[in-house]
Structure formats: structure tokens, C-alpha cells
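What follows is each chain in one-letter form.
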Amino acid sequence: MLECIPNISEGNNAEFISALGQVISSVEGVRLLNVDSGKAANRTVYTFVGNPQAVVDAAFAMYEFAAKHLNMRTHKGTHPRAGIVDVCPLVPLNGMTMSEANEYALQLAQRVSAELHIPVYLYEHSAKYEHRTRLEQIRAGEYEGFAQKMQLPQWKPDFGEAVFNENTGITVIGVRKFLLAYNVNLTTKDVEIARKIAGVIREFRKKGLLRGVKAIGWYIEDFDMVQVSTNITDFEKTSLYAVFKTIQQLAQEYGCTVCGSEVIGLIPREALEQAGEEILRDFPQLALSPVQVAIDVLGLNTIKPFDETFILD
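Calculation criteria
As a convention, each chain's residues are numbered from 1 in the sequence order in which they are written. Where local features are concerned, this predicted model is filtered to residues with pLDDT of at least 70; where side-chain atom pairs are given and counted, the filter is 80 or more; whole-chain, interface and lining totals use all residues. As a rule here, side-chain values cover all heavy atoms of the structure and leave hydrogens and water aside. To define axes, lines are fitted to C-alpha atoms, for helices over the stretch in contact only, and angles between the resulting N-to-C directions are given on a 0 to 180 degree scale. Secondary structure elements are taken from DSSP: a helix is a run of H or I of four residues or more, a strand is a run of E of two residues or more, and numbering for both begins at the N terminus. Comment on the angle field: the value is read as roughly parallel under 35 degrees, roughly antiparallel over 145, roughly perpendicular from 65 to 115, and oblique elsewhere. Rotating anticlockwise by less than a right angle from the far helix to the near helix defines a left-handed crossing, while the corresponding clockwise rotation defines a right-handed one. It only takes one pair of heavy atoms within 4.5 Å for two residues to be counted as in contact. Between Lys or Arg on one side and Asp or Glu on the other, a salt bridge is scored when a side-chain nitrogen of the former is within 4 Å of a carboxyl oxygen of the latter. The buried label applies to any residue whose accessible area, calculated with a 1.4 Å probe on protein chains only, is under 20% of its type's maximum; exposed applies above 50%, and partly exposed to all values in between. Side-chain atoms within 4.5 Å link the members of a nonpolar core, which is a set of buried Ala, Val, Leu, Ile, Met, Phe, Trp, Tyr and Cys residues. Here the arc refers to the set of directions running from the helix axis out to each C-beta atom. A pair of strands counts as paired when DSSP detects no fewer than two bridges linking them. Two rings belonging to Phe, Tyr or Trp (six-membered ring only in the last case) form a pair when the distance between their centres is within 6.5 Å. Interplanar angles under 30 degrees mark stacking, angles over 60 mark edge-to-face geometry, and anything in between is tilted.

A. Region of the structure containing the packing of helix α2 (residues 52–69) against helix α3 (residues 98–116). Viewed as axis vectors pointing N to C, α2 and α3 meet at an angle of 25 degrees, and their least axial separation amounts to 10 Å. The angle between the axes of α2 and α3 places the two elements in the roughly parallel class. When the axes of α2 and α3 are compared, the crossing they make is right-handed. The segment α2 lies against α3, with Pro-52, Gln-53, Val-56, Asp-57, Ala-59, Phe-60, Tyr-63 and Glu-64 engaging Tyr-104, Gln-107, Leu-108, Arg-111, Val-112, Glu-115 and Leu-116.

Right under this line is the structure:
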């Protein structure tokens, strides 16, 4: 089984968001599990799984549909981005290896570049060069800076010519480990506090408080909320609770605190159990299961109801 979690640069057009979901789910052998849109970020994350070839076919159909209906020239949003399909991660499941999944990533990259003329960069396990392994390395400069950036020898696309497509921008494709998209809410409207906390905690060049954590600070108009938005690339090294607790401690230094958090997309039950067990060590008086403790103490129901059907067993 293969999981695909594309991030699309459109979060406001409900008709398009629904139609793209139908394009994905119409491919036989694919199941669309989740669609998560943010208006302020102007971004939608789709999550779908299936047999590997079907997933690649659905992903290509998604790219094709997006290329026909979106135009990066007019895109504005709070989330960093460089293309209509900003990033398209593939995650192997059910015993599939990273190397096996990579063959499908390369197939998808070749089709997207050859048939849709979208320059493709490979990242994470699929990366060919160390200086462009991480998404933030590739996306630096964003859409507005890429026409110039891709003319540099070290930034030639992995697939496609170094010709900037103004309509679509570029895209990043690659195989990665299961990642937790986890956002922590702050009781402040000062987005600079969130950005400072993100800068302290994120792992970059072996600096930062938390291993395997990427972080940015932003204000989400949809919820009138400032958040520290994180990607936890290895929850066995750094748990949800470790991220929550560290942000809570740092927030107090700036005169605020945390007020719940949210998980975007799927989450392994193991990650919730791990967080819950760590919380119970701090608060042994809580008479709940580890999963329920994690949901309650981390405030995963604060912004919107936490959907337990998105827990992966």
C-alpha cells in the first residue's frame, strides 16, 4: 500500500476543492481518506491510499486537473509555497519499503514533467543532492523567486527543463517517512511570538530544541488563532507531548500560553498512545486511556472535533 498526501495551493474555492477530491477518488484502487482546507493558508491537503500504481495514477490525474484550473500568478496565502501542487509526498505502508516506493515517485515525477511541463524537484528519500533533501531548502524563495533560482546550476530541476512555468510554478515529489502535521495554538494575536518559538524549537543544521521537528509561526484567520505549526518527521524521537510541552514552556517566557492543538490528517495510534503515556507520567491522577488522555490534554478538540476515524491502527 502507498499513501499520498499532496498539498494543493487552493483553500478557498469549495467547488474546485470538491471536484479535485472526486478526481482522486474516481481512480479504481484508491481511497480518499481526508481533505483539510485552510482559507488563510489558501491550501488544501488531501490524503489518499491504495495500491501503488493506482495511487500514482490518481496523483497524476490530480496534477492534470490542478494545472487546468489553478494559476499561481494570483495565489496569495500565509503558507510557504512554490507551485499549484506545492509538495506531493509518498509514504510506504503495510511493509512496502522506501526503495520500492521510490520507484513510483520517480514514475510520477517523470510523467508530471514530461506531460504537464511542470519542473519537478525530488526530496527526502528520493533526493539526489544533499543540499535539496529538505522541503524548506527547495522551497526557499517561494514561487516569486523561483524563475531566477532555477537558473543556478545547483537548482536545475531533477525532471524537466530549467524553464519556469508561471502558471503552475514548480512541484516537489518524494518518498518520506510518516509525518505528523501538528499545530499548537497560542493565547496571543502576536504572530511574531509564534515565529520566535518556531525558530527555537525546529531542528536545522543540528540546532534547535527538538529533533526531527520542522516549525513555522503563523496567524490563521479562519480560527482567529496564532499557531506554531510543526511537522514531526519522527514521532519516536520527538512525541506530540514533547512538542506541546516545549511550546508551552517557551510561550510562558513571552507572557502567553497554549490553548489546545490540532493534528492535520492521519495519525498512527502509536503516536497518540506514546503521547498519552508521557502525559500520564506527569499526571498519574488522570484515570483515562492513553489515547483519550492525549486527545484531552493536548486539546485536539479545541479548534474542531478530533475525528478518531483518522487514527491508523
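B. Focus on the pattern of salt bridges. Following the criterion strictly, the structure yields 15 salt bridges and no others. The partner of Lys-189 in a salt bridge is Asp-224, and the shortest N-O contact between them spans 4.0 Å. Residue Lys-189 is located in the loop between β8 (180–186) and α6 (191–201), and its partner Asp-224 is located in the loop between β9 (213–220) and β10 (225–232); the two are separated by 35 residues in the primary sequence. According to the relative accessible area criterion, Lys-189 is exposed, its value standing at 54%. With a relative accessible area of 39%, Asp-224 lands in the partly exposed category. Note that Arg-195 is salt-bridged to Glu-192, the shortest N-O span being 2.7 Å. Of this pair, Arg-195 and Glu-192 both sit in helix α6, separated by 3 residues, roughly a single helical turn. Because the salt bridges share partners, they merge into one network encompassing Glu-124, Arg-134, Glu-136 and Lys-214.

C. Local environment of the nonpolar core. Ranked by internal contacts, the top residues of the largest apolar core, which has 55 residues, are Tyr-63, Leu-108 and Ile-173. With 11 residues, α2 is the largest single contributor of residues to this core. Discounting residues that sit within four places of it in the chain, Ile-173 has contacts with Tyr-63, Cys-88, Ala-105, Leu-108, Ala-109, Val-112, Val-120, Tyr-121, Leu-122, Tyr-123 and Ser-126. Judged by nonpolar contacts, the second largest core, of 50 residues, contains Ala-215, Val-226, Leu-250 and Leu-280.

D. Geometry of helix α5 (residues 142–149). When we look at burial in α5, the residues that qualify are Tyr-143, Phe-146 and Lys-149. Along the axis of α5, the buried positions cluster into a sector of 110 degrees, meaning they face one direction only. Exposed side chains of α5 directed beyond 90 degrees from the buried face belong to Glu-144 and Gln-148. Looking at the buried positions of α5, the neighbouring elements they touch are β6 (120–122) and α4 (135–139).

E. Representation of the pairing of strand β7 (residues 171–175) within the structure. Across the 5 residues that make up β7, a large majority, 5, are buried. Burial along β7 is two-sided: Thr-171, Ile-173 and Val-175 facing one way and Val-172 and Gly-174 facing the other are all buried. The sheet contact formed by β6 and β7 spans 3 bridges and is parallel. Note on β7: the bridge partner recorded for Tyr-121 is Val-172.

F. Quick look at the packing of aromatic side chains. In this structure the tally under the stated criterion is 4 aromatic pairs. Measuring from centroid to centroid gives 5.6 Å for Phe-16 and Phe-65, while their planes differ by 20 degrees, and the two rings are stacked. Taken together, the residues Phe-16 in helix α1 (residues 14–25) and Phe-65 in helix α2 connect sequence positions 49 residues apart. On the basis of relative accessible area, Phe-65 is assigned to the buried category, the value being 19%.

G. Spotlight on unusual backbone geometry. Positive phi values are uncommon outside glycine, yet Glu-124 reaches one of about 55 degrees. With respect to the helices and strands, Glu-124 occurs in the loop between β6 and α4. A positive phi angle, close to 55 degrees, is found at Glu-142, a residue other than glycine. If you trace the backbone, Glu-142 turns up in helix α5. Assessed through its relative accessible area of 26%, Glu-142 is described here as partly exposed.

In short, shape yes, function no, at least from these values alone.
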